[in-house]
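Inside the fold
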Amino acid sequence: MKLEGEHVEVLEFVNVWLKKRYYQEYESLTSEEKDDINDFDTYCELQEKEAYQKLKLIKEGIKTSQKELLKSEIKNYYLLLKISGGLEKGYIDDKGVLSEWMKRNDQMFTEINCNNGDEYTPSYNNLLVAQFRHSQVKMEMDIMEGNTSKWFKAFEVETFDGLVDEITKDEHNRILYELGKEWDCSSRFKKALSNTILWSNREGYYENLYWLCQKYMNLEPTKEMQAKMIPIMKKLKEFESNKDKEEKGINFYPKKAFEKGILSILNEERYQGKVLVLDMWGTWCGSCREEFPYMKKLKKQLAKEKDIAFLYFSMEVSKNPEEHWMETVKYFKLKGDHYLATKDVMRQFMGEVNEFIPGEYPMYIIVNMKGEIAKVPAAYPSDGDKLVKQIKDVLMEE
């Protein structure tokens, strides 16, 4: 949103309303303010009214259209705060029946403006995320109650395990499409799709993303949005065409490699005389994916060091993870040696290394040239040059 002039009162107001974080405000409230649905809604409505009054007092430095946009953003912010409060409280009460919070949230979604255009407004975009979460919770309740036939058909599976597997492998793209197409506003659905495609592309959630792009393009988006989609689709199509091919520098090792545990792998002949950098991760782990670009940068910084090997140990939760695991490695072009581990294998290794370290993902470990654990946990690749320094320190020890 671009404002003309430098009117202090306008800038101060915009800085407050375009930077407010609903989750921080929710956390700052007392139990008395947020535990009772009527008290909580009253708090939100009073705050909303006060914000409108402040906006009304601004007479100069802002266009009418901009003022209307801010007015809409205030409304969306307090709708979002109310809905988020409902999601926090849960949709099933102590007696096992639908709570007042869920019924209220169902009503709240009918009050959202159906078409907000392509203008970037944080609260409106966050409302779309909240509606997705709301729909997701209702689907989960459906499934828990045994109403699975609808979802078997939507996700093209025949068993409960198959449904869980599909949802586990892709928590963002296809699930949004299957839930969002039932929303009462097609423009809002289309906006949610475009937001998700751009976000998933940026964050590396490639699962069903090309499929989702195709579905979105069938909805006839604006020329501006089409122009954003074309390069994404081109990249994804190329990946889909090449994902079954072997890629130089990416080595997959079979399950039998774990017959004697991870420590035995670290002492194999091919790793002797090398410093090993271990990346403990999972395809389901968003934080793990966020670190991959930083790891790529780190490898470039250490390109002249020949006595380093990068090993990736992935702990998977789906029943048939091999294909998804290999696809994810290839998508992110993770050059190195790759091992697919079970939860038991990973737990055993963590206990052998240091029973006091937290079992969190991702985790990075450095092994010296003697096959001994030198640093656990090591720094994250995103921690500036900390991990590079730790690796070089271990190299210098030899």
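Preceding block: the structure.
Just so it is clear, the model here is predicted, and its values are computed rather than measured.

From N to C terminus, the chain includes 18 helices and 6 strands. Overall, the C-alpha framework of the chain stretches about 75 × 55 × 50 Å when taken along its three principal axes. Taking all 398 residues of the chain together, 47% fall into the buried category. Here the analysis covers contacts within the chain between residues at least 6 apart in sequence; of these, 69% occur between residues at least 24 apart. Accessible surface for the chain amounts to roughly 21900 Å². Of this, 48% is attributable to carbon and sulfur atoms. Computed over 61 positive and 71 negative side-chain charges, the separation of the two mean positions in the chain equals 5 Å.

Here we have 6 strands laid out as an open sheet, ordered E1-E4-E3-E2-E5-E6, and mixed in their pairing. Since the sheet does not close on itself, it has two edges, and those belong to strand E1 (250-253) and strand E6 (373-375), each with one partner. On average, each strand axis in the sheet is inclined to that of its neighbour by 30°, with strand direction left out of account. Pairing of strand E3 (residues 308-315) with strand E4 (residues 336-341), which is carried by 5 bridges, proceeds in the parallel orientation. Among the inter-strand pairings, Phe-313 is bridged to a residue of E4, identified as Tyr-339. Strand contacts of helix H15 (residues 286-301): strand E2 (275-281), E3 and strand E5 (363-367), with the helix running at about 170° to E3, the strand carrying the most contacts.

With that settled, the discussion passes to the packing of helix H4 (residues 37-57) against helix H6 (residues 100-108). Contact geometry of H4 with H6 gives a least axis separation of 11 Å together with a crossing angle of 35°. In contact with Ile-37, Phe-40 and Asp-41 of H4, H6 contributes Glu-100, Trp-101 and Arg-104. In terms of residue class, the contact of H4 with H6 is built from 3 nonpolar, no polar and 3 charged.

Before going further, it helps to examine the packing of helix H11 (residues 186-203) against helix H12 (residues 209-217). Direction vectors running N to C along H11 and H12 enclose 150°, while the axes themselves pass 10 Å from each other. With respect to H12, the axis of H11 lies roughly antiparallel. H11 and H12 meet at a crossing whose hand is left-handed. Along its contact with H11, which presents Lys-190, Leu-193, Ser-194, Thr-196, Ile-197, Ser-200 and Asn-201, the element H12 presents Leu-209, Leu-212, Cys-213 and Tyr-216. When its residues are assigned to classes, the contact of H11 with H12 shows 6 nonpolar, 4 polar and 1 charged.

So, on to helix H9 (residues 160-169). In an α-helix there are 3.6 residues to a turn, and that puts residues three or four apart on one side. Within H9, the full set of buried residues consists of Leu-163, Asp-165 and Ile-167. Buried residues in H9 make contact with helix H7 (122-144), helix H8 (149-154) and helix H10 (173-180).

Criteria and thresholds
Residues numbered from 1 in each chain as written. Predicted model: local features only at pLDDT ≥ 70, side-chain atom pairs only at ≥ 80, totals over all residues. Heavy atoms only, no water. Helix = DSSP H or I, 4+ residues; strand = E, 2+ residues; numbered from the N terminus. Buried < 20%, exposed > 50% of the residue type's maximum accessible area, 1.4 Å probe, protein only. Contact = heavy atoms within 4.5 Å. Areas by Shrake-Rupley, 256 points an atom, 1.4 Å probe, with all protein chains shown as cover. Lys, Arg positive; Asp, Glu negative; His and termini not counted. Charge placed at Lys NZ, Arg CZ, Asp CG, Glu CD. Pairing = 2+ DSSP bridges. Axes fitted to C-alpha atoms, helices over the stretch in contact; angles between N-to-C directions. Nonpolar A, V, L, I, M, F, W, Y, C, P; charged D, E, K, R; others polar. Parallel < 35°, antiparallel > 145°, perpendicular 65-115°, else oblique. Left-handed = near helix turned anticlockwise from the far one by under 90°.

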